[in-house]
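# A closer look at the structure
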Amino acid sequence: MNRPSALSAPEKVSPLKRDPALLPALAAIWISLAVFVLYPVLRLFLMTFMVEGQFSFANLGAVLDSWYDRQAFLNSLWLAGAVSFAGTVLGYIYAFAVTRIPLPSWLKWFLGAVTTLPLISPPFTSSIALTLSLGPNGILLKFFGIENFSFYGFWGTWMSETLTYFPVSFLTLAAVLSAIDPNLEDAGLSLGASPGRVFRTVTLPLSTPGIANSVLLLFASSLADFATPLVLAGHSFPVLPTQAYLQITGLYDLRGGAALSFLLLLPAMGVYALQRFWVGRKNYVTISGKTGSRSGFKSKGKLAEGLVLGVCFAVTAFILYLYSLILWGALVKVWGVDNSMTWENFRYVFTHGRKAIADTLSIAAVATPLGGLMAVVVGYIAQRKRFFGTRAMEFFSMLNYALPGTVVGIAYVIAFNEKPILLTGTMTILVAAYMFRYHAAGIRAVIASLHQIDPSIEEASASLGAGAARTFFRVTVPLVVPAVLMGMRYLFIHCMTAISATIFLVSVKWSLLTTRILECMTELQFAQACAFSVVLILLVFGATAVLTGLTRFATRRISGEGGRG
Amino acid sequence: MSRLRVVIASLLLVAVMAGGAFASGELNAYTIMPEKYASQVFEAFTAETGIKVNFMRFSSGEALARVVAEKNNPQVDMILGGPADTYEAGIKEGVFEAYRPAGADGIPDKFRSKENFWTGIGIIPLVFLTNTKFLADKGLEAPASWNDLLDPAYKNGLQMADARTSGTATERIYSLVKILGEDEAFAYQKKLHQNIQMYTKSGAGGAMPVAMGQAASGIFYIVDALDIQQQGHPVVISYPKEGVSFGIEATGVLKGARNLENAKKFMDWASSKTFAQLLVDRKINYIPTRGDVEVTNPALDLSKVSLVEVDVTWKGQNRKAFVDRWINEVIK
């Protein structure tokens, strides 16, 4: 990768020689990737393509022969496209409101807090609230007098997934938008451009890495989500991850499930390649160390602001309404039959669910800092130290994320249930599953924010005599701290709420809150499921509030330093 | 640099940590029986034997997928609950250990595995579960025949399980095939499909929508239907006059169990009269396989219900063909 560098250009020293710390770091990353990403996937592929000791396409062929599975493939792409589009648009609107419109800080906090609700609750919980509202005989349908709305299928799944995943887009885009130097926009305005033109020609192009990032994350999330379609898609709108799950758990067909997930891998990789191509070729540096002090953001025009805020408030109100349904469900004795208030459901959670709560918190507490560290190292090497193998490293770091969770779970069970690496039934396997699956957001964020930071800042440190590790910890890390914290928050939330991979990895020793909620749902304990969800949401909310506070603190520090630069 | 190394070394250390072994005097189990019932069953077992039980609840498909995947290093010693056909599928994978429990003689042969791989502890027939408000609105009686569900009044109102994922759904197909013959059974389901609102992934998944009035009616195992009724929802349970088949809830020991003796003790206990009485006393809605306990819940009195006997081996042999036919003929 060519960049303006006074140090490396003339000498052509290999990056390994220049940074002695790189070798042990690379070795550690490659070993852990080999064990927790490559090896399980390899075992899974062997299961897909080896039939009785022979290489064979029989398993894949069987899948492609089925009209239902072909339909599922197309539906998955269509759904993921629709979700990533709608989610990114919504996320951008929210990010724009929070970073560009002068709102009172409590209102910003409030908008941010409400959008985390869908993110920090397991998807099937909001699915139930949506079903009660918009499903057959739903509350909102009755209220608005709508009949014959076919909720089960595409519409319900699309709505639920968009609501669940747009906060990811919001978090990603808010980080990127707030990092764009407002002086650039001001320059456009003072040169006489209309606010709309400045947005089109300055703000939007500069946020491209964030948009690409968001589209990729949402596309992959939707592509891999099995819980939402499980509850909402029904038989008329099959999607691949649910089909893979059904194949494994319903038909006891691990090979068929593996083959289905192989199909799923192709579009995921396609999006990944597209994203590399699209974002990788432009220069988005806006923190260069040479800027003057940052000015405040100017008004963007009343109509545009009103429209943006209108959308935000409508969506926020809808989310609040959905979650008050869940709170209500947790507090009443029997929904719709006996509406008297009771604490009984919460008592159940803190007696029958205490072990699950403790286990989940311990796992999240271990996985989050480890995943954050991994993200910053991988992201840094991938973006700054381009040489042989870094692209492969980045690819393998993302692989578990691109694979549907069900498949990762089954692959882990196959790989780690026998020697040489015996891990089933331990906490390690759960921590590893979460870490290597959900540090992807952190890596993406680190890469995106490094895209915006001119390498000359690091080179200045190096030319003043600091070693590579010192430069990394003293210069690079502080600059990407908001991105890392964002990634850690994402990781923590998923440790608390994700289910698709880990449902196969929980054991009698280590259980999880999400699996308990799903159990309550399948066992018809609706009120208990709601109470579990409320407790889970409060726990995650408390923990993420701390991480958000840290992010804000770190962002402010960077802006301040940029000003002095 | 050294700091980086230390951090990464600790990262690897955590990553390579392996789990500890299970202590003795314990029993580890997967349960397919709902947690709220299983916790009572295991509590009673611990009270009687002093053996501590660690357990985890899964759907039948997941539990089977897990024990098959864990075959070379079993994490648990036994499975409690779940339909006998799941156990039959597991026998093919070689995951079960044969054991003839002490109380086997009290349980009819048809409720036990021929090779003693599993023992039936309770039976659960299929029932119709219908929302009473829906019936009142439409001026209908509770459905009393499979054909009643074809009434256009139920259009877009039925929720029942998807045959690809749910044992409840395959049980429904077995019932229909035994009553109507195979071709007729699929012709019937094609007609029934006109009234379907959604096929749910889990067997009980449609019961809550029926309870909430989002769906009108559906076909469920009695254990789920009674649960909903006992919670106080406005629902009615009825049986088709043509008959229904029933599932056998089983239990069995896994091959390679680390606490084999304790697992066998559980099998002995689960096949005893004490256990059957426990099901009745705790209102766990299975009908005990042992004939020597009196079922007190009138809802579980099946003397007026026409039950269709379906051989478990036949179920296992036909399952895949029926599911394929269901996908290609009914829902296409």
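To continue, consider the nonpolar core. Ala220, Ala433, Tyr434 and Val446 of chain A together with Met78 and Ala207 of chain B are the most contacted members of the largest nonpolar core, which has 278 residues in total. The residues that make up this core include at least three from each of domain 1 (24-123 + 247-299) and domain 2 (126-245 + 307-330) of chain B. Those residues within four positions of Val446 of chain A in sequence are excluded, and the remaining contacts are Ala375, Val376, Gly379, Tyr380, Val480, Ala483, Val484 and Gly487 of chain A.

Accessible area lost during the coming together of the parts is what is often quoted as the interface size. Across the contact, 58 residues belong to chain B and 56 residues belong to chain A. Counting residues per element, the ones that place at least two in the side of chain B that touches chain A are α1 (2-16), α2 (35-49), β2 (52-57), α3 (60-69), β7 (196-200), α8 (207-212), α9 (222-230) and α12 (312-330) of chain B. Counting residues per element, the side of chain B that touches chain A draws most heavily on α1 of chain B, at nine residues. Its residues assigned to classes, the side of chain B that touches chain A comprises 29 nonpolar, 16 polar and 13 charged.

With that settled, consider the packing of helix α10 (residues 182-190) of chain A against helix α11 (residues 195-206) of chain A. Residue and element names in this part refer to chain A. Between α10 and α11, the shortest axis-to-axis distance is 10 Å and the interhelical angle comes to 145°. Here α10 and α11 pass one another in a crossing that is right-handed. Residue-level inspection shows Leu184, Glu185, Gly188 and Leu189 of α10 in contact with α11, the latter providing Val198, Thr201, Val202 and Thr203. Each residue belonging to the contact of α10 with α11 can be placed in one class, and the counts come to four nonpolar, three polar and one charged.

Let's shift gears to the domain arrangement of chain B. Residues and elements named next belong to chain B. As assigned here, chain B comprises domain 1 (24-123 + 247-299) and domain 2 (126-245 + 307-330). Its C-alpha centre places domain 1 at a distance of 26 Å from the equivalent point of domain 2. Across the boundary between the two partners, domain 1 contributes 14 residues, which contact 15 residues of domain 2. Among the secondary structure elements, those contributing two or more residues to the side of domain 1 that touches domain 2 are α3, α4 (84-92) and β10 (244-254). Residue contributions to the side of domain 1 that touches domain 2 peak at five residues, all from α4.

Let us now look at the pairing of strand β5 (residues 119-131) of chain B. Residue and element names in this part refer to chain B. Counted residue by residue, β5 has 13 buried out of 13 residues, so it is predominantly covered. Bridge analysis of β5 against strand β11 (residues 287-288) gives two bridges, and the strand direction is antiparallel. Opposite Ile123, over in β11, you have Ile287 as the bridge partner. Of the pairings in the sheet, the one linking β5 to strand β8 (residues 217-221) comprises five bridges and is antiparallel in character. Looking across to β8, one finds that Leu129 is bridged to Gly218. With four bridges connecting them, β5 and strand β9 (residues 235-238) associate as antiparallel partners. When the bridges of β9 are listed, Thr130 appears paired with Val236.

All names here are of chain A. Within the fold, Leu547 resides in helix α26 (residues 526-564). Residue class for Leu547 comes out partly exposed when judged on the 19 C-beta atoms lying within 10 Å of it. Between the alpha carbons of Leu547 and Met486 there is a distance of 7.9 Å; along the sequence they are 61 residues apart. Ignoring sequence-local partners within four residues, the contact set of Leu547 consists of Leu485, Met488, Arg489 and Phe492.

Time to look at helix α11 (residues 273-281) of chain B. Residue and element names in this part refer to chain B. Listed as buried for α11 are Phe275, Ala276, Leu278 and Leu279. Take α11 and look down its axis: the buried residues cluster within an arc of 155°, on one side only. Of the residues flanking the end of α11, it is Lys283, one or two places downstream, whose phi is positive at about 55°.

Turning our attention to the packing of helix α6 (residues 167-180) of chain B against α12 of chain B. The geometry of a pair of packed helices is captured by two quantities: the angle between their axes and the separation between those axes. All names here are of chain B. Where α6 contacts α12, the two axes come as close as 10 Å, and the packing angle between them is 95°. By the angle between their directions, the pair α6 and α12 is classed as roughly perpendicular. Of α12, the residues touching α6 (which contributes Thr170, Ile173 and Tyr174) are Lys315, Arg319, Phe322, Val323 and Trp326.

Next up on the list: helix α19 (residues 390-402) of chain A. Over its 13 residues, α19 of chain A extends 18 Å from the first C-alpha to the last, a length consistent with the 18 Å expected when each residue adds 1.5 Å. When α19 of chain A is considered as a whole, its buried residues turn out to be Glu394, Ser397, Met398, Leu399, Asn400, Tyr401 and Ala402 of chain A.

Residues and elements named next belong to chain A. With respect to the helices and strands, Val41 occurs in helix α3 (residues 22-49). Take Val41: there are 19 C-beta atoms within 10 Å of it, and that puts it in the partly exposed class. Residues contacting Val41, with those up to four places away along its chain left out, are Leu399 and Ala411.

The rules behind each value
- Residues numbered from 1 in each chain as written.
- Chains lettered and ligands numbered in written order.
- Predicted model: local features only at pLDDT ≥ 70, side-chain atom pairs only at ≥ 80, totals over all residues.
- Core = buried A, V, L, I, M, F, W, Y, C linked by C-beta atoms within 7 Å.
- Buried ≥ 20, exposed ≤ 12 C-beta atoms within 10 Å, placed from the backbone.
- Domains from an automatic or database assignment.
- Contact = placed C-beta atoms within 7 Å.
- Helix = DSSP H or I, 4+ residues; strand = E, 2+ residues; numbered from the N terminus.
- Nonpolar A, V, L, I, M, F, W, Y, C, P; charged D, E, K, R; others polar.
- Axes fitted to C-alpha atoms, helices over the stretch in contact; angles between N-to-C directions.
- Left-handed = near helix turned anticlockwise from the far one by under 90°.
- Pairing = 2+ DSSP bridges.
- Arc of directions from axis to C-beta.
- Parallel < 35°, antiparallel > 145°, perpendicular 65-115°, else oblique.
- Expected span 1.5 Å × (residues − 1).

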